[in-house]
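Fold and geometry: a report
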2 protein chains.
Amino acid sequence: MAVADEGGAEALTMSAVARRLGPYTPMSLYRHVLSKDGLVDLMLDAATAEIALPPVPGPDWRADLRAVVMETWEMAKRHLWYAQLAPTRPPLGPHTMRRTEFQLRVLAGQGATLGQAVAYAAVLDRHALGSAQQVAEEHAMRRRLGLDTPQRLTEAVTAAQGLAEQAGCELLARWMSAPSGPDMDEQFEISLTFLLDGIEARLNP
Amino acid sequence: MAVADEGGAEALTMSAVARRLGPYTPMSLYRHVLSKDGLVDLMLDAATAEIALPPVPGPDWRADLRAVVMETWEMAKRHLWYAQLAPTRPPLGPHTMRRTEFQLRVLAGQGATLGQAVAYAAVLDRHALGSAQQVAEEHAMRRRLGLDTPQRLTEAVTAAQGLAEQAGCELLARWMSAPSGPDMDEQFEISLTFLLDGIEARLNP
DNA sequence: CAGCTAAAGTATATGGCGTATACGCAAGCG
DNA sequence: CGCTTGCGTATACGCCATATACTTTAGCTG
């Protein structure tokens, strides 16, 4: 997890992990893990374990769901690899399942059918993971394209702005020259509210 | 694109593409494309070009936004690799930018600031791409795990259900034994409505 | 038509990846 | 003492993107 925290999902190689653990060869890992996918499964579940859950749904279902999603979001910002790797593996780790179960209990407690509860939980998770993934990919792209220095980044933005103007995208070019608006965290909370509002309206028609 | 349509993003190798084009070697592609990333950029923009846009925002902003998002969703279901590859590249293809510009124009026409418009467009895109990615990963996982026959799939589901019971996840286990609720398309439309409702409320406070 | 050029394709090689297979080595236990 | 069991290693394979250097082909020009 430390390797992936620092270098992103694409730095997570068996070699890098073995090296991090000491003077080991990549193959030594296979004594403890079936495959790289197995390692990833363990990582994903360990990260999910960092999401604090109330022991039991409380009186305020909105607060419960909001808390789970916000905790997930915070965790995914700590571990940017999470959003990149999670969709590549089945969500069957014990902590991962416990988290889903909690969401289902909260929703079922409000009169949702099991099918609705699964659907709403899926929508909320997509929101959390989708947003985190966007943050992660932005970081990864910066690393890939070598935009580590502010100067290189400015160059890239200027180039992009030129492309936008050339394509006749006036508003886009304007925004690129002077980005504004809510940051990612604010966007996240706003649209989480949208989703919870929508769920609430459907729960109490 | 045909290669990726059939085999998913992980089947998209330079060899596979060259072979598909005729009796060519992988290296021949590099006469036409700078790198594999360059090829992916072209693919992403070509796929984005399939999204039909009104020439100009119409009187009904909700219908406009909804149409763009639904068209994106339909396209991403046709090209399951799109949602996997799009987040790995900057969204700077001409068609991609034109599409964003259209969203911004629609929102700016309703009095949104440029910053708000960018944020709302981002939220809608995350929803479309996040949902498509989930579908894509489900397919990819089935391919990877060799769950092509119904029997293998049933086995896997039964195993997962056992895990859920073992972890004390009653609701989850129950749902796995008898999945129900809105399918992906219905989920998509429902939560798209949630998001549009939220945006509307913010536009007309 | 001869000859040059530029485009298109190929051959070969490098370095990185996950991992199958076979081996070495130490600790513990009968 | 010898055997298993657990852990680490060495080597090799196949697949990937791609750098580099070569050959072939088509077309234009003098």
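Only a predicted model underlies this, so the values are computations on that prediction, with no experimental measurement involved.

In terms of helices and strands, chain A carries ten helices and zero strands. Secondary structure elements in chain A, listed N-terminal to C-terminal, are α-α-α-α-α-α-α-α-α-α. Principal axes of the C-alpha set define a box for chain A whose edges measure 55 × 55 × 20 Å. Residues classed as buried in chain A amount to 47% of the 205 residues present. Roughly 10,100 Å² of accessible area belongs to chain A as shown, and the carbon and sulfur atoms make up 57% of that amount. Counting 19 positive and 25 negative side-chain charges, chain A places the averaged centre of each group 6 Å from the other.

DNA strand C sits among 15 residues. The nearest are Tyr-30 and Lys-36 of chain A together with Thr-25, Arg-31 and His-32 of chain B. Sugar and phosphate atoms represent 51% of those atoms of DNA strand C found within 4 Å of the protein. The side chain of Arg-31 of chain B places a nitrogen or oxygen atom 2.2 Å from a base oxygen of DNA strand C. His-32 of chain B has a polar side-chain atom sitting 2.8 Å from a phosphate oxygen of DNA strand C. Residue composition of the surface near DNA strand C, grouped by class: seven nonpolar, five polar and three charged.

So, on to the protein's contact with DNA strand D. In the neighbourhood of DNA strand D, 15 residues make up the surrounding shell, with Thr-25, Arg-31 and His-32 of chain A together with Tyr-30 and Lys-36 of chain B lying closest. The sugar-phosphate share of atoms of DNA strand D within 4 Å of the protein amounts to 50%. Measuring from a phosphate oxygen of DNA strand D, one finds a backbone N or O atom of Pro-23 of chain A at 3.3 Å. Separating a phosphate oxygen of DNA strand D from a side-chain N or O atom of His-32 of chain A is a distance of 2.7 Å. Looking at the surface near DNA strand D residue by residue, the classes come out as seven nonpolar, five polar and three charged.

We now examine the interface of chain B and chain A. Across the contact, 52 residues belong to chain B and 52 residues belong to chain A. When the two sides are added together, the surface that chain B and chain A hide from each other amounts to roughly 4,500 Å², 71% of it contributed by carbon and sulfur. Per-residue buried area on chain B facing chain A is highest for Arg-126, Leu-171 and Phe-194 of chain B; these three make up 16% of the total on that side. Linking chain B with chain A are zero salt bridges, by the criterion used here. Among the elements that take part in the side of chain B that touches chain A, helix H7 (residues 114-145) of chain B stands out by supplying 16 residues, more than any other. Tallied by class, the residues present in the side of chain B that touches chain A amount to 28 nonpolar, 14 polar and ten charged.

Cut-off values and rules
Residues numbered from 1 in each chain as written. Chains lettered and ligands numbered in written order. Predicted model: local features only at pLDDT ≥ 70, side-chain atom pairs only at ≥ 80, totals over all residues. Heavy atoms only, no water. Helix = DSSP H or I, 4+ residues; strand = E, 2+ residues; numbered from the N terminus. Buried < 20%, exposed > 50% of the residue type's maximum accessible area, 1.4 Å probe, protein only. Areas by Shrake-Rupley, 256 points an atom, 1.4 Å probe, with all protein chains shown as cover. Lys, Arg positive; Asp, Glu negative; His and termini not counted. Charge placed at Lys NZ, Arg CZ, Asp CG, Glu CD. Near = heavy atom within 4 Å. Polar contact = N/O pair within 3.5 Å; in protein donor to acceptor, adjacent residues only side chain to side chain. Nonpolar A, V, L, I, M, F, W, Y, C, P; charged D, E, K, R; others polar. Contact = heavy atoms within 4.5 Å. Buried area = accessible area lost by both parts, 1.4 Å probe. Salt bridge = Lys/Arg side-chain N within 4 Å of Asp/Glu carboxyl O.

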